[in-house]
There are 2 protein chains.
Amino acid sequence: MISEKTIERLSLYRRILQQLRVEGKETIMSHELADLLHIKPAQVRRDIMQLGYSGIPNSGYRIRPLLESIANFLDSPLPQSAVLVGVGHLGLALLANFAGRWRQLAIRAAFDKDPAKVGHTFHGCRCYSMLDLQKVIVETKSIVGILAIPGEGAQSVSDLLVQSGISGILNFSPLRIKVPNSVFVEHVDLSTTFEKVSFFARRMKHYVEEEKWKIEHETDEGEYETLTTNQ
Amino acid sequence: MISEKTIERLSLYRRILQQLRVEGKETIMSHELADLLHIKPAQVRRDIMQLGYSGIPNSGYRIRPLLESIANFLDSPLPQSAVLVGVGHLGLALLANFAGRWRQLAIRAAFDKDPAKVGHTFHGCRCYSMLDLQKVIVETKSIVGILAIPGEGAQSVSDLLVQSGISGILNFSPLRIKVPNSVFVEHVDLSTTFEKVSFFARRMKHYVEEEKWKIEHETDEGEYETLTTNQ
DNA sequence: GTATAATTGTGAATTTATGAACAAATTATA
DNA sequence: TATAATTTGTTCATAAATTCACAATTATAC
Ligand SMILES: NC(=O)c1ccc[n+]([C@@H]2O[C@H](COP(=O)([O-])OP(=O)(O)OC[C@H]3O[C@@H](n4cnc5c(N)ncnc54)[C@H](O)[C@@H]3O)[C@@H](O)[C@H]2O)c1
Ligand SMILES: NC(=O)c1ccc[n+]([C@@H]2O[C@H](COP(=O)([O-])OP(=O)(O)OC[C@H]3O[C@@H](n4cnc5c(N)ncnc54)[C@H](O)[C@@H]3O)[C@@H](O)[C@H]2O)c1
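Model, not experiment: these values are computed from the prediction.

Draft legend 1. The site of ligand 2, seen in detail. Within the structure, ligand 2 sits among 25 residues, and A:N97, B:H89, B:L90, B:D112 and B:I149 are positioned closest to it. Residues within reach of ligand 2 are spread across chains A and B. Contacts to ligand 2 include B:I149, whose backbone N or O atom sits 2.6 Å from an oxygen atom. Considered on its own, ligand 2 offers 820 Å² of accessible surface; in the complex 84% of this is hidden by protein. Per-element tally for the shell around ligand 2: the top contributor is helix α5 (residues 89-98) of chain A, with four residues. A per-class count over the shell around ligand 2 returns 14 nonpolar, seven polar and four charged.

Draft legend 2. Region of interest: the sheet that holds strand β9 (residues 184-187) of chain B. Residue and element names in this part refer to chain B. Across the sheet, which stays open at both edges, the seven strands sit in the order β5-β6-β4-β3-β7-β8-β9 with mixed pairing between neighbours. Unpaired on one side and paired on the other, β5 (121-122) and β9 mark the two borders of the sheet. Contacting β3 (80-85), β4 (105-112) and β6 (125-129), helix α6 (residues 133-140) crosses the sheet at an angle of about 160 degrees to β3.

Draft legend 3. Spatial organisation of the protein's contact with DNA strand C. Around DNA strand C there are 22 residues in total, and A:R46, A:M49, A:G55, A:Y61 and B:R46 lie nearest to it. At 2.8 Å from a sugar or linking oxygen of DNA strand C is found a main-chain nitrogen or oxygen belonging to A:N58. Within the contact set of DNA strand C, a base oxygen lies 2.9 Å away from a side-chain nitrogen or oxygen of B:N58. Those elements giving two or more residues to the surface near DNA strand C turn out to be α3 (41-51) of chain A together with α3 (41-51) of chain B. Here the residues of the surface near DNA strand C sort into seven nonpolar, nine polar and six charged.

Draft legend 4. Structural view of the site of ligand 1. Lining the immediate environment of ligand 1, one finds 23 residues, of which A:H89, A:L90, A:D112, A:I149 and B:N97 sit closest. Around ligand 1 the close residues trace back to chains A and B. Here an oxygen atom of ligand 1 sits 2.5 Å away from a polar atom, N or O, in the side chain of A:D112. Here an oxygen atom of ligand 1 sits 2.9 Å away from a polar atom, N or O, in the side chain of A:K117.

Draft legend 5. Geometry of the interface of chain A and chain B. Of the residues lining the interface, 75 residues belong to chain A; the matching set on chain B comes to 75 residues. At the boundary of chain A with chain B, total buried surface from both sides reaches about 6,700 Å², with 64% on carbon and sulfur atoms. Contact with chain B buries area across many residues of chain A, yet A:F184, A:F194 and A:K196 alone supply 11% of it, more than any other trio. Our count for the chain A to chain B interface comes out at ten salt bridges. The interface formed by chain A and chain B holds 30 residue pairs in polar contact (both at pLDDT 80 or more) in total. It is helix α8 (residues 190-216) of chain A that contributes the most residues to the side of chain A that touches chain B, 17 residues altogether. Class assignment of the residues belonging to the side of chain A that touches chain B gives a composition of 40 nonpolar, 20 polar and 15 charged.

Draft legend 6. Summary view of the protein's contact with DNA strand D. Within the structure, DNA strand D sits among 24 residues, and A:R46, B:S30, B:G55, B:N58 and B:Y61 are positioned closest to it. When the atoms of DNA strand D within 4 Å of the protein are sorted by group, sugar and phosphate make up 64%. Here a sugar or linking oxygen of DNA strand D sits 3.3 Å away from a polar atom, N or O, in the side chain of A:Q43. The side chain of A:N58 places a nitrogen or oxygen atom 3.3 Å from a base nitrogen of DNA strand D. Of all the elements in the fold, those that place two or more residues in the surface near DNA strand D are α3 of chain A together with α3 of chain B. When residues in the surface near DNA strand D are grouped by element, the largest group, four residues, is from α3(A). Among the residues making up the surface near DNA strand D, the classes are represented as eight nonpolar, ten polar and six charged.

Conventions and cut-offs
- Residues numbered from 1 in each chain as written.
- Chains lettered and ligands numbered in written order.
- Predicted model: local features only at pLDDT ≥ 70, side-chain atom pairs only at ≥ 80, totals over all residues.
- Heavy atoms only, no water.
- Near = heavy atom within 4 Å.
- Polar contact = N/O pair within 3.5 Å; in protein donor to acceptor, adjacent residues only side chain to side chain.
- Areas by Shrake-Rupley, 256 points an atom, 1.4 Å probe, with all protein chains shown as cover.
- Helix = DSSP H or I, 4+ residues; strand = E, 2+ residues; numbered from the N terminus.
- Nonpolar A, V, L, I, M, F, W, Y, C, P; charged D, E, K, R; others polar.
- Pairing = 2+ DSSP bridges.
- Contact = heavy atoms within 4.5 Å.
- Axes fitted to C-alpha atoms, helices over the stretch in contact; angles between N-to-C directions.
- Buried area = accessible area lost by both parts, 1.4 Å probe.
- Salt bridge = Lys/Arg side-chain N within 4 Å of Asp/Glu carboxyl O.

Okay, here's the thing in structure tokens:
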């Protein structure tokens, strides 16, 4: 019923609104939010509509109650825990940002198969042995697992997480893991993202050079198609 | 004309096919690739069609030439360079993975405003002063910039990158930067992604518990709507 | 107060992405 | 060599996401 895209935008709105509130702003209009995010005002209004929150015509949305509506919608009534598997380069960066930083949602435990890491604490988060996975997940009541290990181990660790009661996985490994359809998976594939940016960067450059050429040579506007981008 | 989604999938196909080739596989059929990625075969055929490459009915695609077609389409004829701004927790992880690892596309230089980092080399990549940004970008002919700094500095650094000739930006900061429409931007917003996974994890759990309840109480199948997911 | 200007909420239109289905092509097989 | 079995390329259909556009509503100016 509610789409992933909408959830992502609601999370964004919240972050922006929290900032604006500390700056003393009390109300906001759909086109202001839209401009900050480079989207259309109708999109903002539609998303907020789905919350059940109503704005005031000719005046906009009151930030305080809108934030409450978003929190009400996005957040769990209880603080929510996540666990991280793989305390390597990426895992460490994630711990630096998400280990107990927010009360509402945070990484509460980490795991690694490397004995050198087990028992140590990284950015305030303890690293456990893989043998303790199920026990710790149950104890911390975690429902989200973050995979920051190489593709090789990803499927088997994913299976373990699911067995232990995890129902959402954030997967940074390049492998597309298979899970029961009662589990939500998000693949963050930084390599393909990097390649994509590189691809479009090149196209943009070509397009711009083509435009320059056309201007220099004062040709009439030919039927060049513009690039499709997400801006 | 070609969509971002298609580019992402082509990059995925390539990675899988490279692996399969070293395992000795010579041909592949659309449904095999589709199964590995949890998508539909028609999607695979459509994507490959856009490359201009043709498969063989009743036999599939020959992996070697297909890989060549993909490389031809996705890659620059010359090796392509990227620069990273912000050698913090995340920046370091990115350097560990992308600093000169591939010949075709790699991070060739890093920048940080912290004097303690300037002049040092991280994972084989030299960190320069922000003052050298333009010079190094021009020298390395980089067209991609990666932002791994806090939101505060993101807009001004982005402007600098664009001034220096960058035409693609991979932005890890929470700020939605503004760029001319001749520049491609990809926002990787790990906080919102994390919140999204948490949100759907919770819904999944509820949904599953609801199903269990229904089974235990042997009610007739009510009109419960299923969740929309991306699996 | 009344008029004016502005902004919301939302149905309808549009665009974009995905999926189903089938003729055409090709291989394998009898 | 002919037939059967498959898989591709692609058209047409469906679904999802976005955008338009405008009536309804409210604030503000006069
Ligand atoms: N670092 C990046 O910027 C980056 C970029 C693109 C993709 N990735 C992907 O993210 C994942 C992690 O990357 P990284 O750079 O942190 O790798 P890394 O090698 O630095 O760290 C991997 C960690 O996972 C642990 N590990 C390995 N297999 C395990 C298993 N089966 N169970 C438990 N722990 C295990 C290792 O001991 C190590 O600590 C990899 O799949 C990588 O391809 C990372
Ligand atoms: N680490 C994560 O897992 C994670 C998760 C979500 C979001 N992010 C975002 O990614 C970005 C980087 O995160 P991090 O954890 O690496 O932060 P960090 O604080 O560890 O590193 C930031 C680095 O950028 C440098 N820097 C800051 N301002 C700069 C400027 N104007 N010019 C040049 N260099 C500058 C700092 O000196 C530091 O080295 C942040 O915007 C953060 O919100 C990171």
